[in-house]
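# Residue-level structural notes
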Amino acid sequence: MRTRLLLAIVLAVGLLAALAVVVAGQGEVPAPYAGLKNPLPWDDASAQEAGKKVYQQSCVGCHGAKGDALPQFNFSAADHPKDMETRPDYFLWVLSEGRLSKGMPPFKASLSETQRWQMLTYLWSLGKPAATPKPPDGTPQPDVTPVPAPPSEEGATLWVGTPREAEVNKAVKLLATLQDKQGKPIKGVAIEFFWKVDFFGDRLLAIGEAETDSQGIATLEFTPREAGRLDVVARYKAIETVVPLNMKAPEEPLYETEVGIKLPAPGKEVFIGPESAHRLRAGDLAPMTALRLPGGIGSWLWLFIGVIMLIWSTYFRVVFQVFRIPVRREIRDIDTRFLPTIGLGMVMLLGTMLVLMIITGPFSHMHLG
Amino acid sequence: MRTRAESYEQRLERVVLNPLSQTTRGYKLFVLSLLAVVGWGLYAYYIQLRYGLGATGMRDVVMWGLYLVNFVFFIGISHAGTLISAILRVTQAGWRTPVTRMAELITVVAISIGALMPLIDLGRPERVWELIAFGRFQSPLLWDIVSITSYLTGSLIYLYLPTIPDFALMRDRLGYYANPVKRLIYTVLAVGWRGTPEQHRRLEKAIGIMAITIIPIAISVHTVVSYVFSMTLRPGWNSTVFGIYFVIGAIFSGIASILIVMAIFRKFYHLEEYLTERHFRNLGYLMLVALFIYLYLTFGEYLTVAYKMQVEEKHLLETLFVGSNALWFWFFVIAGLVIPALIIILRKGPVIPRMVIAAVLINIAMWIKRFAIVIPSLQVPLMPFDFGAYYPTWVEWSITAGAFAGFILIFAIFAKLVPLISIWEVAEGARETPQPRVATLVEQSGMKPEEIEALLSKAVAEKGRSRVEQ
């Protein structure tokens, strides 16, 4: 029992220490930028227009037309305008002095202060949703182009819809609508889907089969793997409809590697730490360590932490057996419990360090955040 | 009370503890020369710190060199120990008792030296803390920290546990006559061991838990070392079999290391009675099994790659088989696999020298094999450039020599502080085995048990224990 009690203490101490590590710390904006506010109203259209010109000359190469080319500095993110409103001085500072270690040059020599504020005003507008008209409600599949089939001898019509834009390696929804002569939906019949390939002549490769519902619509998901034009064929008995599907190649860098499998996240991410831990500290120092479980309370990280805890609690248990070896009344001038006590301390210290290292580790790089 | 002048256990204690109380001039000279080599290695490291990694042969293309080769090698021989001793303990192989202590000692010393190597490889070693503070869980280097820390701690505990009764013995035998410092050290190390049944129960329990725990941890260590390589897309490293390949390679070179250490201390510490031909033969056969598995994996690894022959792999195989690294590779195949296998299988000549020659060849060849894993893969160009070149500088060779000398030095010092044979376990084993034999002899001959024991111990003294047991 005492071992378990000690073990519980070890775990409690470890978790408390994990929380204690989380310390606030944020990059301070230096003078003369500290505290500066945007002299222009954020929604000033003429300032935005002026800023846009400068942006397209100097910034678009790295940041992209929408400002989202660098995922760490995504100006089109929804929370970005708010961030700019709360600390305009920070953004003016970075724009003026640059971040050479990240490849961001300083602009204070080439742009006047007004121009810099105009540009920030434009950046602010990137995060605001564009005022495009919404499609009217009640449209079942807004981005689907239905293509009718030539009417068949049975008189039924097969319509096939595919999305206007589709990307390689992303699932596409294929829709086929079957109607009879009177234009009423035919339900409960199987529609076959194919994909036309040129392999020593035209051939049809089966994608799958789906049954029509009460509205006569059969739906099938399909993940194309090749870019370019793709002919999708839907077939019901002798009726065949061919629809072209234009597959856009994903924008891929020359060399891309992703570290590891994307593990499912069973819950909402747990993050305990200052908000500033999402960003680099001043002087481009690594962000503050914070406690983070990517998959929430049910995070897969627990599995690894559990194994480490199991190993180190076993060590603790073993050293504790050694600790119990000395007979107490025999201890005289030399404390024979000295060595096992040191051992217990070391095991606790190292075990806690490893667990902390893993819990706080995934957060220490901002592009993961 | 036994009547004969010296019982088996008394002689065991005398023989094993003798080198710990007497230090010869040869030993001192040996230690001094090792210290000189280590000192030279430290000087070379100072030069490296002073002038940066430019002092080494590592460059932008081949950015890993001898240090990483040594890292894999030392982590490899560290498997000797703990894994083999734990497996023998778990399977209750009776012959293990005189071997385990040395094996466990090799582990602790080798992993300490091995873990230093990546630190030496760093241009700014003081930044290693940042790996812990800001390390990313996605990096195999972080996994390395976890598994090596766990393994080092675990094998220290596992080495220490069975030495407790021996430390107690030394506290009682040497302590009172030796200087107070020694007495203090042994008293602290013996943690008040009196050999009571309660203490025995606790110790056996602890050893039992550790023997099982340490096996998966040991396997994880070398698997993770292999992941450092195989989590990249480099030719030769981009392999699914690397985990088990490294583990088997580690066991292989580990057993070879035990054999060498056993032979050395058998000679200088006069342990002939306890480390018999049987131990060398058994370990030699284990080594042969590891050799064949390693041969099989090597064959499979290169055949599957050579059959498909992607461009980068083709470059790699060319440099390994016929190109600039061919000498290394074929030395490994001939001296590390073919000759040792023949030496062990053919059984020509005395057992111990045969096994030792095989073990020495294997250890040299396995170091070279690690070189052939690390360096050529980095030389192969992944972009349209020329092949990378790597020539270790004197700094790297000196630090490597210093590391090997340091390994031997720490081992030599340990061998003066810790009995190299687990006295209580060997004595226990000896008590357990002859008992039924005496009983049957009493029944068969009608002599008194004391007489038979006296006869047996006389025979043991004349021929060596193992022969009598056989």
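Analysis parameters
Residues numbered from 1 in each chain as written. Chains lettered and ligands numbered in written order. Predicted model: local features only at pLDDT ≥ 70, side-chain atom pairs only at ≥ 80, totals over all residues. Heavy atoms only, no water. Helix = DSSP H or I, 4+ residues; strand = E, 2+ residues; numbered from the N terminus. Buried < 20%, exposed > 50% of the residue type's maximum accessible area, 1.4 Å probe, protein only. Contact = heavy atoms within 4.5 Å. Areas by Shrake-Rupley, 256 points an atom, 1.4 Å probe, with all protein chains shown as cover. Axes fitted to C-alpha atoms, helices over the stretch in contact; angles between N-to-C directions. Parallel < 35°, antiparallel > 145°, perpendicular 65-115°, else oblique. Left-handed = near helix turned anticlockwise from the far one by under 90°. Nonpolar A, V, L, I, M, F, W, Y, C, P; charged D, E, K, R; others polar. Core = buried A, V, L, I, M, F, W, Y, C linked by side-chain atoms within 4.5 Å. Salt bridge = Lys/Arg side-chain N within 4 Å of Asp/Glu carboxyl O. Lys, Arg positive; Asp, Glu negative; His and termini not counted. Polar contact = N/O pair within 3.5 Å; in protein donor to acceptor, adjacent residues only side chain to side chain. Pairing = 2+ DSSP bridges. Buried area = accessible area lost by both parts, 1.4 Å probe. Phe/Tyr/Trp six-rings, centres within 6.5 Å; stacked < 30°, edge-to-face > 60°. 1 Å grid on protein atoms, 1.4 Å probe; cavity = no way out; pocket = protein on both sides within 12 Å on 5 of 7 lines; lining within 4 Å. Points joined across faces, edges and corners; volume = space filled by probe spheres on them.

## A look at the overall build of chain A
Within chain A one finds eight helices and 11 strands. Split into buried and exposed, the 369 residues of chain A put 39% on the buried side. For chain A, restricting intrachain contacts to residue pairs at least 6 apart in sequence, the fraction spanning at least 24 positions comes to 60%. Surface accessibility of chain A: about 21600 Å² in total, with carbon and sulfur atoms responsible for 58%.

## Examining the packing of helix H3 (residues 66-90) of chain B against helix H14 (residues 351-379) of chain B
Residue and element names in this part refer to chain B. Two numbers describe how H3 lies on H14: the axes approach to 9 Å, and their chain directions differ by 130 degrees. Relative to H14, the element H3 lies oblique. Of the two elements, H3 crosses H14, and the hand of that crossing is right-handed. Touching Leu-66, Leu-68, Val-69, Asn-70, Val-72, Phe-73, Gly-76 and Ile-77 of H3 are Asn-363, Met-366, Trp-367, Arg-370, Phe-371 and Val-374, all from H14. Of the residues belonging to the contact of H3 with H14, the class tally is 10 nonpolar, three polar and one charged.

## Considering the nonpolar core
Ranked by internal contacts, the top residues of the largest apolar core, which has 172 residues, are B:Phe280 and B:Met287. Those residues within four positions of B:Phe280 in sequence are excluded, and the remaining contacts are B:Leu259, B:Met262, B:Ala263, B:Arg266, B:Leu275, B:Val351, B:Ile352, B:Met355 and B:Val356. Of all hydrophobic cores here, the second largest spans 25 residues; its members include A:Val168, A:Phe222, A:Tyr236 and A:Val243.

## Some remarks on the pattern of salt bridges
Evaluation of the coordinates by the stated rule reveals 16 salt bridges over all chains. For the salt bridge of A:Arg235 with A:Glu192, the shortest nitrogen-to-oxygen distance reads 3.8 Å. Here A:Arg235, found in strand E8 (residues 228-236), pairs with A:Glu192, found in strand E5 (residues 190-198); they are 43 residues apart in sequence, far enough to count as distant. Among the residues examined, A:Arg235 registers a relative accessible area of 25% and is labelled partly exposed. Here A:Glu192 falls in the partly exposed class, since its relative accessible area comes to 30%. Residue B:Glu425 pairs with B:Arg96 through a salt bridge whose shortest N-O separation is 3.9 Å. A residue pair is termed long-range when its members are at least 10 positions apart, and B:Glu425 in helix H16 (residues 423-432) and B:Arg96 in the loop between H3 and helix H4 (97-121) qualify at 329 residues. Neither B:Glu425 nor B:Arg96 differs from the other in exposure class; each is buried. Where salt bridges share partners, they join B:Arg89, B:Arg96, B:Glu104 and B:Glu425 into one cluster.

## As for the side chain of B:Glu301
All names here are of chain B. Relative to the elements of secondary structure, Glu-301 occurs in helix H11 (residues 277-308). As a buried residue without a salt bridge, Glu-301 has its nearest oppositely charged side chain in Lys-369, at a separation of 7.8 Å. Reaching out from Glu-301, the side chain makes a polar contact with the side chain of Ser-239 at a distance of 3.1 Å. For Glu-301, the contacting residues outside a window of four places in its chain are Gly-236, Ser-239, Val-241 and Phe-242.

## Re the sheet that holds E5(A)
All names here are of chain A. Pairing in this open sheet of five strands is mixed, and the strands run E3-E9-E8-E5-E6 from one edge to the other. Since the sheet does not close on itself, it has two edges, and those belong to strand E3 (166-167) and strand E6 (202-211), each with one partner. The pairing of E5 with E8 spans five bridges and is antiparallel. In the strand pairing of E8, Lys-196 is matched with Asp-231.

## Topic: the interface of chain B and chain A
Counting from both sides, the interface comprises 39 residues of chain B and, opposite them, 42 residues of chain A. Of all residues in chain B, B:Phe134, B:Phe137 and B:Arg202 bury the most surface against chain A, accounting for 21% of the area lost on that side. Counting across the chain B and chain A interface gives zero salt bridges. Our count for the contact surface shared by chain B and chain A stands at four residue pairs in polar contact (both at pLDDT 80 or more). Of all elements in the fold, only helix H5 (128-134), helix H6 (140-160), helix H8 (180-189) and helix H9 (197-230) of chain B reach the threshold of two or more residues within the side of chain B that touches chain A. The class makeup of the residues in the side of chain B that touches chain A is 24 nonpolar, 10 polar and five charged.

## Some points on the environment of B:Val225
Residues and elements named next belong to chain B. Within the fold, Val-225 resides in helix H9. Note on Val-225: relative accessible area 0%, which makes it buried. Separated by 85 residues in the primary sequence, Val-225 and Pro-140 have C-alpha atoms spaced 8.1 Å apart. Beyond its immediate stretch of four places on either side in the chain, Val-225 contacts Phe-71, Val-72, Ile-75, Asp-144 and Phe-246.

## Side note on the packing of aromatic side chains
All names here are of chain B. If you walk through the whole model with that rule in mind, you get 40 aromatic pairs over all chains. Taken together, a centroid distance of 5.0 Å and an interplanar angle of 35 degrees make the contact between Phe-242 and Phe-246 tilted. Taken as a pair, Phe-242 and Phe-246 lie in helix H10 (residues 242-268) at a separation of four residues, close to a single helical turn. Ring centres 6.3 Å apart and planes at 40 degrees place the aromatic pair Phe-407 and Phe-411 in the tilted group. Here Phe-411 and Phe-407 lie together in helix H15 (residues 394-417), a separation of four residues that amounts to about one turn.

## Quick notes on empty space enclosed by the protein
Residues and elements named next belong to chain B. Going through the model one piece at a time under the given rule, you end up with four cavities of 30 Å³ or more. Reported here for the second largest cavity is a volume of approximately 110 Å³. Lining the second largest cavity are 13 residues, with Gly-236, Phe-242, Glu-301, Tyr-302 and Leu-316 sitting closest to its centre. Only H10, H11, helix H12 (311-321) and H14 provide two or more residues apiece to the lining of the second largest cavity. Take the lining of the second largest cavity: its biggest share by element is four residues, from H14. Split into classes, the residues belonging to the lining of the second largest cavity amount to eight nonpolar, two polar and three charged.

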